[in-house]
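# Architecture and fold: a report
Each chain, letter by letter, is given below.
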Amino acid sequence: MKQIVETARKVPVLAETDVLVVGSGPGGLAAAIAAAREGVDTMLVERFGCFGGTITQVGVESIAWYRYRDTVDVEGIGIEFEQRTKAMGGTTPFPQGNSDLLDAEVFKVVADEMVQEAGVEPLLHALAVDVVMEGNAIRGIVIESKSGRQAILARRVIDATGDADIAVRAGASYRKTPREEMMGVTVVFSCSGVDREQFLAYVREHPTTIADWHKDWSAQSSGKEKEIFSPYLGEIFDRARADGLIPREMTSISGTWSSLKETGEATGLNLVYMLGYDATDVRDLTRAEMEGRRLVMLAIEAMRRYAPGWEKARLRNFGMRVGVRDTRKIIGRYNITERDVRNQARFDDAIGIFPEFIDGYGVVILPTTGRYFQVPYGILVPQRVENLLVAGRCVAGDKISHAALRSMMACTVTGQGAGVAAAVSLKQGVASSQVDVARVQRALCRQGVRID
Ligand SMILES: Cc1cc2nc3c(=O)[nH]c(=O)nc-3n(C[C@H](O)[C@H](O)[C@H](O)COP(=O)(O)OP(=O)(O)OC[C@H]3O[C@@H](n4cnc5c(N)ncnc54)[C@H](O)[C@@H]3O)c2cc1C
């Protein structure tokens, strides 16, 4: 590729802080709130105009859809997200299991409030583009915004960008699933004008289960998943393909509906699953956004034609950006494995738990049994770079463990763990890799986190 040389220049320092969190999805939001609750100066930097990441920017509202009566679930800031949104009247029951859907718009306000209440210094519309290093230790980041190029210095940095942007620029080792094996990307959307009662009557007459996903995914499960109801829409699109409305070879249209309000709004529609896109490649991102919108319009046309109650449905909005499931993951001090997440692993350096919920790469296991694994601190700690932790979907692990830890509630667990560990390492006066994990665990317990 042809290259140019950028001129070196002086960059003004916008702020100095103890803990700097980059990215505000479920991972980053939990990290910033947790660090600030430990009493250290904390700043949260986000490239878009709202906090919440995939929840608010993509429109994925199903933060805990895996939860059933016997699920042993996480405790901590992720549960507060649900409770706070419910208290604002911003939830609807998920059509299966035992959880509520977050209204993505209301959650923007919930996030604003929780950030302010914790005393986190917020910075929106700021894209992190580079890192400031002192030897192998991170000392801050460089941002680009409408104010120009500025630096933010910090004693600890938490990378919660989803894509490990900061860790990679700091020189940490990472892995990326090959493009042809990556999980699909999705343009999530919402519709208005749906006749709820008519559609729910159709769903009752045509019940679908997780087994219906298998036609597209050949999913492995523990067996019980085949009996579990799923708000899956496949047959409608099969008919649209048979009639030539959707090209026969186009299998990327099918998926799940979730929130259906009495006002006729269907939000969080996850009906387009596009393979072959690497979301760390700007040209792939461009193609994905445009192709995703095209497919959504086809999906809506099929719903209007074949789904009872959808005859007058209209597109309400697309998510602000395409939804991404899978890009880079750091190589950590520990790399969690499929064996760990499928066998109730226990760790001395646990910072939380997560139920045995796996969804991705052809495996679907729902935690209906009370089985859970512990989440170790080592997966937040990159190799080679000091005073940097990661949180959210870019933590260290293999493919199947990613299918568990990418879940939003799991991201809040690694986020809260990273935030508390960063703060405790500062109080203890040691690098974040050397923090006394027992002290971190005690602080997490005081914050209401379940460790074992
Ligand atoms: C379509 C879809 C459906 C899904 N369904 C579910 C589901 O039902 N349940 C579930 O639990 N999980 C689901 N997931 C997975 C889950 O949503 C994600 O894995 C999770 O949100 C990741 O959280 P995160 O905090 O790591 O990253 P994100 O939520 O992606 O947040 C990253 C944040 O960092 C910001 N950022 C990125 N780079 C920079 C930068 N350089 N500078 C500044 N800011 C930056 C982004 O704008 C964003 O706000 C789904 C994912 C998708 C895409």
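### Notes on the overall build of the chain
Counting its secondary structure elements, the chain contains 13 helices and 22 strands. Compactness check: the chain gives a C-alpha radius of gyration of 22 Å against a globular reference of 22 Å for 452 residues, within 12% of the reference. Projected onto the principal axes, the alpha-carbon positions of the chain cover approximately 65 × 50 × 40 Å. Evaluated residue by residue, the chain yields a buried proportion of 53% over its 452 residues. Residue pairs at least 24 apart in sequence account for 73% of intrachain contacts in the chain once pairs closer than 6 positions are excluded.

### Some points on the sheet that holds strand β20 (residues 363-365)
Read from one edge of the open sheet, three strands run β11-β20-β19, paired in mixed fashion. This sheet does not close on itself; its edge strands, each paired only once, are β11 (220-221) and β19 (358-360). Two strands pair when backbone bridges link them, and β11 and β20 are joined in this way by two bridges, in the parallel orientation. Note on β20: the bridge partner recorded for Ser 221 is Val 364.

### Quick notes on the site of the ligand
Lining the immediate surroundings of the ligand are 38 residues, of which Gly 23, Gly 25, Gly 53, Gly 323 and Gly 392 lie closest. Those elements that place two or more of their residues in the shell around the ligand are α1 (26-37), α2 (54-58), β6 (127-134) and α12 (408-428). If you count residues domain by domain, the shell around the ligand takes at least three from each of domain 1 (13-177 + 327-446) and domain 2 (180-318).

### Re the domain arrangement of the chain
Split by domain assignment, the chain resolves into domain 1 (13-177 + 327-446) and domain 2 (180-318). Placing a centre on the C-alpha atoms of domain 1 and another on those of domain 2 gives a separation of 28 Å. Taken together, the contacts link 23 residues of domain 1 with 26 residues of domain 2. In terms of residue count, the dominant contributor to the side of domain 1 that touches domain 2 is β20 (three residues).

### Looking at α12
Between its terminal C-alpha atoms α12 stretches 30 Å, which fits the 30 Å expected from 21 residues at 1.5 Å a residue. With 19 of 21 residues buried, α12 is to be regarded as a mostly interior element. One or two steps after α12, the chain reaches Gly 429, where phi turns positive at roughly 75 degrees.

### Some details on the environment of Val 60
Examined against the element boundaries, Val 60 turns out to sit in the loop between α2 and α3 (77-87). Spatially, the C-alpha atom of Val 60 lies 25 Å from that of Ala 118, the residues being 58 residues apart in sequence. The residues contacting Val 60, other than those within four sequence positions of it, are Thr 54, Ile 55, Val 188, Gly 268 and Gly 323.

### Examining the packing of helix α8 (residues 235-242) against helix α9 (residues 282-306)
Where α8 contacts α9, the axes come no closer than 9 Å and their chain directions differ by 100 degrees. Comparing their axes, α9 and α8 come out roughly perpendicular. From α8, Ile 236, Phe 237, Arg 239 and Ala 240 reach across to α9, where they touch Ala 302, Met 303, Arg 305 and Tyr 306. A class-by-class count of the residues in the contact of α8 with α9 yields six nonpolar, no polar and two charged.

Thresholds, definitions, all that
- Residues numbered from 1 in each chain as written.
- Predicted model: local features only at pLDDT ≥ 70, side-chain atom pairs only at ≥ 80, totals over all residues.
- Helix = DSSP H or I, 4+ residues; strand = E, 2+ residues; numbered from the N terminus.
- Rg over C-alpha atoms; globule rule 2.2 N^0.38 Å.
- Buried ≥ 20, exposed ≤ 12 C-beta atoms within 10 Å, placed from the backbone.
- Contact = placed C-beta atoms within 7 Å.
- Pairing = 2+ DSSP bridges.
- Near = placed C-beta within 6 Å.
- Domains from an automatic or database assignment.
- Expected span 1.5 Å × (residues − 1).
- Axes fitted to C-alpha atoms, helices over the stretch in contact; angles between N-to-C directions.
- Parallel < 35°, antiparallel > 145°, perpendicular 65-115°, else oblique.
- Nonpolar A, V, L, I, M, F, W, Y, C, P; charged D, E, K, R; others polar.

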